[in-house]
Amino acid sequence: MLLAAPLTLLALFFLLPLLTVFGQSFAAPDGPLGTYARVAGDSALRYSLIYTFQTAAIVTLAALVLSYPVAFLISRAQGRWLVIGMVLVLVPFWTSAVIRSYAWLVLLQRRGVVNEIMLALGLIDRPLRLANTDLGTHVAMVQIMLPFMILPLLSAMRGIDPSMLRAAAILGANPWRQFVNVYLPLSTPGVGAGCVLVFISTLGFYITPALLGGSSPMIAVAIEQQVSRLLDWPLASALATVLLVLTCALFMLYERLNRRLAGAGEGR
Amino acid sequence: MNGAATTPVWRILSAGIALLAVLVLIYLVLPTLVIVPLSFSSDTFLKFPPSGFSTRWYESFAASTDYQLAILNSLKIGVPAALVATVFGVMAALAVVRGAVPFRRTLAALIIAPLILPQIILAIGLFPLMAKVGLIGTYPGIVLAHAVVTMPLVFITVSAALRNYAPTYELAAMTLGANPWRTFRHVTFPMIRPGVIVGFIFALTFSFDELILAMFLTSPTTRTVPRLLWEQLNFQMTPIIAAATVVLLTATIALLCLAAIAGAGARRRMGRPAEGVNG
Amino acid sequence: MNDMSSSQALGTFPDTSRTRGARVEFDRVSKDYGELTVLHETSLTIEAGEFFALIGPSGSGKSTLLGVLAGFVPPSYGAVKVDGTDIVAVPPYRRNIGMVFQNYALFPHMSVAENIGFPLKMRGCGKGEIAERVKKALAMVRLEALGERRPAQLSGGQQQRVALARAAVYDPRLLLMDEPLGALDKNLREEMQDEIKRFQRAFGATVIYVTHDQQEAAFLADRLAVMRGGMLEQIGTPRQLYEMPGTHFVASFLGEASLLPVAEIVERHGREVTVRTQGGLVLRALAPSRVSERRAVCLRPENIAIGASARERDNHFLGVVEEAVFTTGTLRYRVRLPGTDGALTVRVPSHPGIELLPPGASVDIGWDATMAVTIAEE
Ligand SMILES: Nc1ncnc2c1ncn2[C@@H]1O[C@H](COP(=O)(O)OP(=O)(O)O)[C@@H](O)[C@H]1O
Ligand SMILES: [Mg+2]
């Protein structure tokens with residue numbers, strides 16, 4: 001049976017660890033739900049959860065707004081321009097997040113590139129604080145997430161039959177209505193996929209927020225801190241379980257939505 | 001929206017959209033490139049603009065035993081992990097796309113899940129398990145962990161390759177007397193080979209870049225390049241990191257070029273599917 | 001063209017008295033893509049209310065010509081006039097032209113009713129009016145019960161009808177169809193041809209219809225144009241084009257034709273000529289115009305008589321049967337004439353009282369001068 005080997009690998013090194021996390025989260029000295037009570041009672045951790053959600057929402061929205069025109073442009077491109085567009089998206093996609101976050105640190109730190117340039121131009125007379133701010137971290141996270149939004153949008157847009165827009169035009173729709181009534185609805189599967197991907201990835205984002213900081217640690221950073229600084233495995237596991245449940249719920253919601261959209265048509 | 005006659009308003013608007021798209025592309029690509037000039041700095045500190053040009057940081061990078069060890073480790077971990085991921089990913093894709101398995105969609109979602117779930121969850125779940133069986137800090141431990149999270153990449157590319165052509169070829173091979181193994185060996189594999197190669201390269205790239213699992217599961221003697229970079233980042237900010245980063249960036253781009261070439265070969269071959277049948 | 005936005009002007013669906021077709025003029029229109037000219041300077045006038053078909057092999061520029069008229073393809077040169085007004089600068093969504101696309105281009109995310117209502121919505125009609133007119137349009141194409149379905153849930157023929165209803169619901173005076181039946185199987189195609197013909201009679205719009213099926217074009221169109229390599233090869237009624245083809249290309253694109261290359265023109269008398277073929281046969285044929293360019297005699301298989309009756313014809317020869325087959329309704333022969341390379345195709349109606357001649361048999365074949373026509377070879 002072909003599936004036996006891959007499923008064994010998954011069971012041992014994926015499902016079993018997840019069960020372990022789940023089990024650990026109840027292994028507190030103060031009763032099985034003790035760790036969850038501590039998460040709920042700790043205002044810093046509570047805020048970290050809320051902050052993570054807010055950040056994921058902001059990053060997703062910003063990435064969507066910025067990615068849509070880019071994906072549209074590339075989906076229309078041909079020949080050399082298509083290749084250039086794809087390279088500009090794919091190379092960052094495959095470049096290590098460590099490297100890209102490091103670049104942002106170099107740009108945003110107190111004596112970083114952005115401050116030095118603005119000082120040299122006389123725009124400011126003292127370096128601004130850019131790293132360790134929500135704005136700086138968000139700008140960096142959006143940039144790192146952009147390919148995860150652009151690629152699903154692109155795949156949806158390349159699947160849109162150009163004769164759909166021609167049909168809309170000849171039926172009397174001006175460019176705005178061609179977009180709102182035809183193009184946008186036909187690209188929604190890509191919008192959905194991109195938003196879910198970016199939202200989930202941002203929920204579990206570690207590297208960039210750990211390096212650049214912000215007004216609160218993201219959940220993934222909080223989990224790592226619990227383990228490596230406080231050696232509080234049960235609490236880390238409880239946070240990880242929360243993150244796991246949220247991620248799974250979102251993913252399942254998305255799958256269901258996707259299936260309904262697929263069932264509703266796309267019959268070409 | 002379709003190159004036909006339009007009114008000036010729409011022309012201005014679409015020019016504006018194109019301009020916005022170009023600005024976003026610059027935002028996507030440019031920040032990473034600031035590292036390149038900094039890596040050729042002659043300063044001891046990260047300073048912009050650099051006060052002089054030198055290759056001293058590349059020299060220190062080349063001379064650093066830490067980096068040599070880390071690069072070796074990254075290879076020792078990435079190659080076997082990508083191989084395991086490729087073999088298992090191909091098997092999973094064959095079973096899910098071509099086989100008659102129940103709960104096909106759920107199964108596919110399960111196989112892809114390790115790529116989507118935040119790695120920190122897997123890391124803190126794997127750590128105590130591997131500690132129990134003494135795998136922490138060993139090569140097999142991190143190799144297996146990376147194999148699990150990169151198998152989805154192979155699964156995705158190979159599934160796409162399999163969906164690209166109808167199963168008729170395989171049925172034909174069977175009517176001609178090929179058993180399942182020979183059908184795979186002589187028909188299926190030649191048709192999906194580019195997808196397999198691209199999947200392997202993606203898995204390799206992913207393992208080279210992966211930080212979180214490496215942070216938890218490797219030791220100072222088995223640590224990978226991203227982990228070394230990360231540790232250095234948190235202590236010092238000398239341009240040696242910039243030099244290391246540029247080298248890594250170049251390696252990543254080289255790998256992706258390979259993947260692109262493999263993919264282009266695939267498209268050429270798929271133009272003449274009969275070739276796949278003949279061998 | 002400019003009264004499209006007022007909903008009162010749209011009228012009701014089958015009201016022929018108010019919806020008269022538009023007159024279309026292509027004036028020296030050409031289209032280049034870089035170095036490649038896909039449409040050479042083309043002038044063509046299509047009369048109001050006419051059913052005009054464009055036929056030609058794939059890649060000959062039919063869709064390009066239609067696209068220029070619809071506004072999707074900006075012409076490199078020339079003017080396109082509808083009722084005397086140049087519309088080249090008008091965007092497609094203001095042209096008020098109806099169009100049926102080859103793959104229908106029904107919006108997959110909208111129901112059938114929403115698809116048909118879409119152009120009305122774009123024209124600012126109210127909800128009630130849209131509902132009412134969509135209902136009428138659905139009745140017109142006999143799909144009353146399917147308004148809530150998605151296009152993907154319909155059969156090919158049903159999708160085709162929805163596309164027709166959508167293109168006609170706003171009463172355009174000009175309706176374009178680009179291979180609308182190309183995706184249907186043969187029986188359905190014939191059924192839909194009847195339907196389209198009825199539809200146009202009731203509707204009164206000018207129709208420009210692209211197809212590569214010559215039978216379909218001949219059945220539907222008042223006039224048709226044969227396109228080849230980005231040029232109009234010949235324009236005329238279906239009968240003119242079939243019976244008096246100007247070129248070898250037109251002759252063989254519309255039905256079957258046998259050609260006898262001409263070596264010299266022996267004599268001319270009025271519309272008729274006497275020629276000597278390259279095989280040395282002397283025969284009489286029609287010569288519509290410009291005899292000097294005419295390099296071959298074209299014969300339709302059903303015009304050639306075989307057997308005893310052939311001896312009374314203007315042109316009469318003794319040939320040898322090379323091949324004989326029965327196809328439904330007819331006996332089809334290939335007959336070689338003395339001194340010629342190729343063979344003539346002959347078709348005669350089949351019935352139980354007729355013998356199928358064996359290959360190798362000698363037969364009389366013949367035809368009248370008015371049944372053969374000289375054409376430009378190449
Ligand atoms: N956007 C384009 N760029 C370059 N060539 C094109 C383009 N669109 C059509 N063509 C070429 O124009 C020619 C005519 O195409 P078309 O009008 O679609 O032919 P038809 O409809 O008769 O099959 C073809 O050779 C086609 O390849
Ligand atoms: Mg065409």
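In the nomenclature of an unreviewed UniProt entry, chain B corresponds to ABC transporter permease from the organism Ancylobacter defluvii. Annotation of chain B in UniProt includes, under Sequence similarities (unreviewed entry), the sentence "Belongs to the binding-protein-dependent transport system permease family."

The name recorded for chain A in an unreviewed UniProt entry is ABC transporter permease, from Ancylobacter defluvii. UniProt, in its Sequence similarities (unreviewed entry) section for chain A, records the words "Belongs to the binding-protein-dependent transport system permease family. CysTW subfamily." Taken from UniProt, the Subcellular location (unreviewed entry) comment for chain A reads in full: "Cell membrane".

This part takes up the UniProt feature "transmembrane region" (unreviewed entry) in chain A. Sequence positions flagged by UniProt for "transmembrane region" (unreviewed entry) are, in local numbering, residues 51–74, 81–103, 135–156, 191–213 and 233–254 of chain A. Taken end to end, residues 233–254 of chain A is 100% helix and 0% strand, and its first and last C-alpha atoms sit 31 Å apart.

Residue and element names in this part refer to chain B. When the UniProt feature table is mapped onto this chain numbering, "transmembrane region" (unreviewed entry) sits at residues 12–40, 77–97, 109–130, 142–162, 195–217 and 237–262. Annotation note: span residues 12–40, helix share 93%, strand share 0%, distance between end C-alpha atoms 42 Å. Secondary structure across residues 109–130 comprises 91% helix and 0% strand; the distance between its end C-alpha atoms is 25 Å.

Attention shifts here to the pairing of strand β20 (residues 372–375) of chain C. All names here are of chain C. On β20, burial covers both faces: Ala-372 and Thr-374 on one face and Val-373 and Ile-375 on the other are all buried. Pairing geometry for strand β14 (residues 296–299) and β20, over four bridges, is antiparallel. Its bridge partner being in β20, Cys-298 is matched across the sheet by Val-373.

Below, the discussion takes up the pattern of salt bridges. For the structure on display, the rule yields 27 salt bridges over all chains. Notably, a salt bridge pairs B:Arg227 with B:Glu231, separated by 2.7 Å at the nearest N-O pair. Of the two residues, B:Arg227 and B:Glu231 are both situated in helix α11 (residues 225–233); the distance of four residues between them amounts to about one turn of the helix. Residue classification places B:Arg227 among the buried residues on the basis of a relative accessible area of 12%. Relative accessible area serves as the criterion here: at 22%, B:Glu231 is assigned to the partly exposed category. Where C:Arg332 meets C:Glu256, a salt bridge forms, and the shortest distance between an N and an O atom there is 2.8 Å. Within this pair, whereas C:Arg332 is found in strand β17 (residues 330–336), its partner C:Glu256 is found in the loop between α8 (248–253) and β11 (258–269), the two being separated by 76 residues in sequence.

Turning our attention to the site of ligand 1. Residues and elements named next belong to chain C. Close contacts around ligand 1 come from Tyr-33, Val-38, Pro-57, Ser-58, Gly-59, Ser-60, Gly-61, Lys-62, Ser-63 and Thr-64, and that covers them all. For ligand 1, the protein covers 58% of the area, taking 570 Å² as the surface of the free molecule. When residues of the shell around ligand 1 are assigned to their parent elements, the largest contribution, three residues, is made by helix α1 (residues 62–70). Taken together, the residues that form the shell around ligand 1 break down as three nonpolar, six polar and one charged.

On the surface, a nonpolar cluster with roughly 600 Å² of combined accessible area is contributed by A:Leu73, B:Leu19, B:Val22, B:Leu23, B:Ile26, B:Leu30 and B:Leu33. The element contributing the most residues to the nonpolar patch is helix α1 (residues 8–33) of chain B, with six residues. Classification of A:Leu73 by relative accessible area gives partly exposed; the value is 31%.

All names here are of chain C. Read across the open sheet, the four strands follow the order β2-β1-β4-β5; overall the sheet is antiparallel. Of all the strands in the sheet, just β2 (36–46) and β5 (85–86) have a single pairing partner and so form its edges. As judged from the five bridges shared by strand β1 (residues 24–33) and strand β4 (residues 77–82), these two strands associate in the antiparallel manner. Paired with Val-24 across the strands is Val-82, a residue of β4. Of the strands in this sheet, β1, β2 and β4 are in contact with α1, which crosses β1 at around 115 degrees.

Let's shift gears to the packing of helix α4 (residues 65–98) of chain B against helix α7 (residues 139–163) of chain B. All names here are of chain B. Their axes nearest at 5 Å, the elements α4 and α7 cross at an angle of 40 degrees. As the angle between them shows, α4 and α7 are arranged oblique. Our pair here, α4 against α7, has a crossing hand that is right-handed.

Of the residues lining the interface, 80 residues belong to chain A; the matching set on chain B comes to 74 residues. Among the residues of chain A in contact with chain B, A:Phe13, A:Trp94 and A:Tyr102 are the three that bury the most area, contributing 12% of the side total. Between A:Glu255 and B:Arg105 there is a salt bridge whose closest N-O contact spans 3.6 Å. For the side of chain A that touches chain B, the leading source of residues is helix α1 (residues 4–24) of chain A, giving 14 residues.

Let us now look at the nonpolar core. Judged by nonpolar contacts, the single largest core of 260 residues is most densely connected at B:Phe216, C:Phe26 and C:Leu69. Those residues within four positions of B:Phe216 in sequence are excluded, and the remaining contacts are A:Glu224, A:Val227, A:Trp233, B:Ile120, B:Ala123, B:Ile124, B:Phe127 and B:Ile136. Residues C:Val335, C:Leu337, C:Val363 and C:Trp367 belong to the second largest nonpolar core, which totals 27 residues.

Attention shifts here to the environment of A:Tyr68. Residues and elements named next belong to chain A. With respect to the helices, strands and loops of the structure, Tyr-68 is situated in helix α3 (residues 43–76). Look at Tyr-68 and you get buried, because its relative accessible area is 12%. Along the sequence, Tyr-68 and Leu-153 sit 85 residues apart, while their C-alpha atoms lie 7.1 Å from each other. Beyond its immediate stretch of four places on either side in the chain, Tyr-68 contacts Leu-153, Met-157, Phe-179, Tyr-183, Leu-184, Ser-187 and Val-191.

About the thresholds
Residues numbered from 1 in each chain as written. Chains lettered and ligands numbered in written order. Predicted model: local features only at pLDDT ≥ 70, side-chain atom pairs only at ≥ 80, totals over all residues. Heavy atoms only, no water. UniProt positions renumbered as here; feature names shortened; annotations may be inferred. Helix = DSSP H or I, 4+ residues; strand = E, 2+ residues; numbered from the N terminus. Buried < 20%, exposed > 50% of the residue type's maximum accessible area, 1.4 Å probe, protein only. Pairing = 2+ DSSP bridges. Salt bridge = Lys/Arg side-chain N within 4 Å of Asp/Glu carboxyl O. Near = heavy atom within 4 Å. Areas by Shrake-Rupley, 256 points an atom, 1.4 Å probe, with all protein chains shown as cover. Nonpolar A, V, L, I, M, F, W, Y, C, P; charged D, E, K, R; others polar. Patch = residues over 30% accessible without salt bridge, like charges linked within 9 Å, V, L, I, M, F, W, Y side chains within 5 Å. Contact = heavy atoms within 4.5 Å. Axes fitted to C-alpha atoms, helices over the stretch in contact; angles between N-to-C directions. Parallel < 35°, antiparallel > 145°, perpendicular 65-115°, else oblique. Left-handed = near helix turned anticlockwise from the far one by under 90°. Buried area = accessible area lost by both parts, 1.4 Å probe. Core = buried A, V, L, I, M, F, W, Y, C linked by side-chain atoms within 4.5 Å.

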